[in-house]
Amino acid sequence: MKQVRQWAVWVALALGVLVAPGARAEPLPRLISAHGRYELKVDGKPYLVLGAQVNNSSNYRSMLPQVWPAMRAIDANTIFMPIAWEQLEPREGQFDFSFLDHFLRAARRHHLHAILLWFGTWKNGGPGYTPAWVKLDNSRFPRVVNRDGDPMPSLSPLAHATLAADRRAFVALMRHLKAIDPQHTVIMVQVENETGTYGCVRDYSARADRLFDGPVPRRLRRALHLGPGTWRALFGSKAGEFFHAWNIGRFVEKVAAAGQSVDPLPMYVNAALRDPLHPGPPITYESGGPTDDALGVWKAAAPDIALIGPDIYMPDSARYLRVLQLYHRSDNALFVAETGNAAPYARYLFAALGHQAIGFDPFGIDFTGYVNYPLGARVVDAATLAPFALEYRLVRPMQSLLARLSFAGRLHGVAELDDERPQTLELGRWQVKVTYNMPMFGTTPFVRRMKPVGGALIAQLGPDEFLVTGIHARVSFSLARPRRGERVQYVRVVQGRYHDGVWNFIRIWNGDQTDWGLNFTALQQVLHVHLATY
Ligand code: DGJ
């Protein structure tokens, strides 16, 4: 027996998968796609990331006691945690994994999955999280320079030494992660953070200028179906921005690919956005990052990046919904990589799910006392997090089912617009109307208007059967194209509760509960609706 155990240890060692005592090796998290739709698989099952991202400097052991209560208050299933290069490799070649080790043990105790954010060469465009030995050595790790040759607060993506150093640190991180996380508590890794450069379209160093005057690489031309030419000839006024995007994208690709070769977790990047309705020119946004105009360039540059997720800090519904549209593409799974933690943002979970989002992630979720108002809430406490918690608690018991329905193209969702206009969806022969600001009884809207908070999810389970839920919304069904005299009736409206994906009957709604449509409030109500006509 002893011999068999020893033999198993040798095999595990040889495969590099020695499992810590008590830990069970789980299947690798994967992002799969079919028909332009996506599904994240965690522990072998469809998974919806109901995320919560801590503040920027909460990645220290001393801060975690103020992190976990916030995770409980919001009821997230996934915590997003920065891993800073300065923390990992304070002296060149000497790695310190103690925070990661401690964090993962604690995350498991709190029954959370985790997404690690690699704050390396870029954090909001700058090298703020690089170790001092990088920050202070601009001859080895050169900065982007502007047209006047002045150094910018951003490192050049063209420097071989910077790439080599960042890549080595990231590979060390992934190698260590692989050894300590056979159960895949970590389900995805964000490579860098909001890459790009503020205040300068591209690097204007002599080397960058030479490359900029040269031909556009064939790989990019092929992806964009372009013939040969220089950056200026092929991209005109966009040339500088796309040149920078390509170079940063290639850098990130090389870091991600090297990390994946030791631990093949799904890796993604997040985007600081440009205004989706009035993007300019002039370029006032972070140039070179995966902004909506540069998605094609980034896709070509970084094929090992599983997805590009927007960081959405635009509370108005017109902009928010436009961003969801722009980042939901058949070649890009929608993933709200960050969003504001103030109340108006909560309802957009429903809209994101309507765009087949694989996850949603409000930012600044801890009780360390830091707030990023006006991007987010003025105060972060349990009351601030309540609107998110309400939705997470509603969705979480059926998250895997919703992820599966989404992948099958059966999940639909809407969030209340700023002007509270009703929204309609056509699902097979049915038209679904979602209205807001209505009482539960009658058709007269409330006089005192609530701030927009509502949203609804509708999944089509069969031709005439739907799973329906929502918050502060009324959902009504009619026929999309009724024949003369044809009318709608409910066969049954069953209220139930999912528990770990299993449906439990509570009661049948009828009478007042259905006469005025299906009315959702702040209660957690999930319905199975069976319709017919007469
Ligand atoms: C977006 C960044 O990605 C975050 O790390 C953070 O800096 C927020 N902006 C602002 O709080």
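Report on the accompanying structure. (Residues numbered from 1 in each chain as written. Predicted model: local features only at pLDDT ≥ 70, side-chain atom pairs only at ≥ 80, totals over all residues. Heavy atoms only, no water.)

1. Here we look at the site of the ligand
1) Next: Around the ligand lies a shell formed by Asn56, Lys123, Asn124, Asn193, Glu194, Asn270, Asp311, Tyr313, Glu338, Phe363, Asn372 and Leu375.
2) Next: Between an oxygen atom of the ligand and a side-chain N or O atom of Asn124, the distance comes to 3.1 Å.
3) Next: Here an oxygen atom of the ligand and a side-chain polar atom of Glu338 are 2.6 Å apart.
4) Next: For the ligand, the accessible surface in isolation is 300 Å², of which the surrounding protein chains cover 88%.
5) Next: Structurally, the ligand is housed in the second largest pocket.
6) Next: For the shell around the ligand, the per-class residue count stands at 3 nonpolar, 5 polar and 4 charged. (Near = heavy atom within 4 Å. Polar contact = N/O pair within 3.5 Å; in protein donor to acceptor, adjacent residues only side chain to side chain. Areas by Shrake-Rupley, 256 points an atom, 1.4 Å probe, with all protein chains shown as cover. 1 Å grid on protein atoms, 1.4 Å probe; cavity = no way out; pocket = protein on both sides within 12 Å on 5 of 7 lines; lining within 4 Å. Sits in = over half its atoms within 2 Å of the grid points. Nonpolar A, V, L, I, M, F, W, Y, C, P; charged D, E, K, R; others polar.)

2. Description of empty space enclosed by the protein
1) Next: For the coordinates displayed, the defined rule picks out 2 cavities of 30 Å³ or more.
2) Next: Here the largest cavity is characterised by a volume of approximately 40 Å³.
3) Next: Forming the boundary of the largest cavity are Tyr38, Glu39, Leu40, Tyr47, Leu48, Gln356, Ala357, Ile358, Ala403 and Ser406.
4) Next: Per element, the largest residue contribution to the lining of the largest cavity is 3 residues, and it comes from strand S2 (residues 37-42).
5) Next: Classifying every residue of the lining of the largest cavity by side-chain character gives 7 nonpolar, 2 polar and 1 charged.
6) Next: Space inside the second largest cavity adds up to approximately 40 Å³.
7) Next: Looking at the lining of the second largest cavity, its residues break down into 3 nonpolar, 4 polar and 2 charged. (Points joined across faces, edges and corners; volume = space filled by probe spheres on them. Helix = DSSP H or I, 4+ residues; strand = E, 2+ residues; numbered from the N terminus.)

3. A look at unusual backbone geometry
1) Next: With an omega dihedral of 15°, the bond running from Gly280 to Pro281 counts as a cis peptide bond.
2) Next: Inspection of the secondary structure puts Pro281 in the loop between strand S10 (267-272) and helix H11 (295-301).
3) Next: Positioned with a positive phi, Gln356 is a non-glycine residue whose angle comes to about 60°.
4) Next: Along the chain, Gln356 turns up in the loop between helix H14 (348-354) and strand S13 (359-362).
5) Next: Even without being a glycine, His472 presents a positive backbone phi close to 45°.
6) Next: Along the polypeptide, His472 turns up in the loop between strand S18 (465-471) and strand S19 (473-479).

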